[in-house]
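Structural features, examined
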Amino acid sequence: MTLAHEGHTRSHHHHSYTSTDYKAPWVTFDPSRVYGPDDLRPSERAFHESKMLEIANFAVSKGSSFASSVVNSTNGQTICMTTNAVGAKKDMTYHGEMNVMMNCSAQYGLFDWTGFYLYTTGESCPMCQSAAMWNRFSKIIYGSSLKYLYCEKCMGSILIESNVINAMGFGLNDFGEYVPAQIIGGILSDVTNNIFKNYCDPGPNNQSSQSVRPACHKTPTNPGTTTTSTTGVPTTTGVPTTSTTGGGVPTTSTTGVPSTTTTTGPVQQISVVQTKTSSWTDGQGNHWEGYNCVITNTLSYTVIPKFNSVPNIQPSANFEIWGLNPSSDSQIVWTLSWAPALYPGQTYTFGYNAKITGPIQWTRIN
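Residues numbered from 1 in each chain as written. Predicted model: local features only at pLDDT ≥ 70, side-chain atom pairs only at ≥ 80, totals over all residues. Heavy atoms only, no water.

In the nomenclature of an unreviewed UniProt entry, the protein chain corresponds to Carbohydrate-binding domain-containing protein from the organism Tieghemostelium lacteum.

Topic: the overall build of the protein chain
Within the protein chain, the regular secondary structure consists of seven helices and 19 strands. Residues counted as buried form 42% of the 366 residues belonging to the protein chain. A separation threshold of at least 6 residues defines the contact pool for the protein chain, and within that pool the share at least 24 residues apart is 66%. When the accessible surface of the protein chain is summed, it comes to about 19800 Å², and 53% of that surface belongs to carbon and sulfur atoms. (Helix = DSSP H or I, 4+ residues; strand = E, 2+ residues; numbered from the N terminus. Buried < 20%, exposed > 50% of the residue type's maximum accessible area, 1.4 Å probe, protein only. Contact = heavy atoms within 4.5 Å. Areas by Shrake-Rupley, 256 points an atom, 1.4 Å probe, with all protein chains shown as cover.)

A few points about the sheet that holds strand β17 (residues 334-336)
The four strands are arranged β16-β17-β14-β19 in an open sheet whose pairing can be described as antiparallel. Where the open sheet ends on each side, the last strands, each with one partner, are β16 (324-326) and β19 (361-364). Ignoring strand direction, the axes of neighbouring strands in this sheet form an average angle of 40°. Bridging between strand β14 (residues 306-310) and β17 involves two bridges; their strand directions are antiparallel. Bridging from a neighbouring strand, K306 pairs with T335 of β17. (Pairing = 2+ DSSP bridges. Axes fitted to C-alpha atoms, helices over the stretch in contact; angles between N-to-C directions.)

Re the nonpolar core
Within the largest apolar cluster, 26 residues are counted, with the highest numbers of intra-cluster contacts made by M52, Y119, I141 and I187. Taken together, the elements giving at least two residues each to this core come down to α1 (42-61), β2 (67-72), β4 (116-122), α5 (146-151) and α7 (189-195). Per element, the largest residue contribution to this core is six residues, and it comes from α1. The residues contacting Y119, other than those within four sequence positions of it, are F47, H48, K51, M52, I55, A67, S68, S69, V71 and I141. The next biggest cluster of nonpolar side chains, apart from the first, holds 22 residues, and it includes I270, F307, I332 and F350. (Core = buried A, V, L, I, M, F, W, Y, C linked by side-chain atoms within 4.5 Å.)

Pasting the structure below:
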């Protein structure tokens, strides 16, 4: 029968199936369990967090978000690590997990990766999860969930969670013999969530194919729009000293006295202690101050902190800074230069010289 004749158009009909229209011809199972951080022994959790932080820092250092690694569970060594290579390869299948598995297989010549763990900053898509199952990885550990990346970051994805795929791996063996991988999710998600770009508000010149309008049960939120309020920067008065620097006029300044930034708001703050180390007047009569600053992660979890500053100024001839990198946004976002993430209790030092009176106010925004 002819479906379309000259002068006529073909009518296309979209059939909407209900859940009862299709029956799988094989046995089906409920999704595999996803173990969370609180399900693990403290030593195991600490091990997985250290490996997740390793790939998170690696991703940031490479200007990426998705990074993956292969770890030998026997000795705990990371034997392969790489990032998403979709852009470099011009191939949408070069996800981080695919890239690291292919590289590692080529390097070590293994078909069976039993006894090895696969780490990824974001939950594996159906392609990557299936590939990990074909390769027989014993554990698959991710940071940010597919649900978070799709619903909260508006990142395009094939919407089948990894534990759904994992439950159907019995087809790889005679029935009853298959041992599914253990999936552990949400490891350092507070860190990994912050390294993924927010495609919900990508900007006017966005050309990314990853940006979608998610069909989730709640309206996606933009984590970057959280507002905070600053209560001020109390400064303790110290002992006056006289210094002459930069060929300028001698001036009285307070040195060696710490100033602590205090903030309130929905974002939990970390300590930023600023110590004025110098003060001078240059040859044009401009007043300068120099500060040494120490950030301390006072929280109980690892963070990749980002800050706003008051005043909101870019580095220039009037403001030199080291240890923090500015964004190019109109509202500047400052990130750490040397080590993107801070463990609980870890400290980080930066400093600046500027034509100011009093320290800059720093507010953590993520």
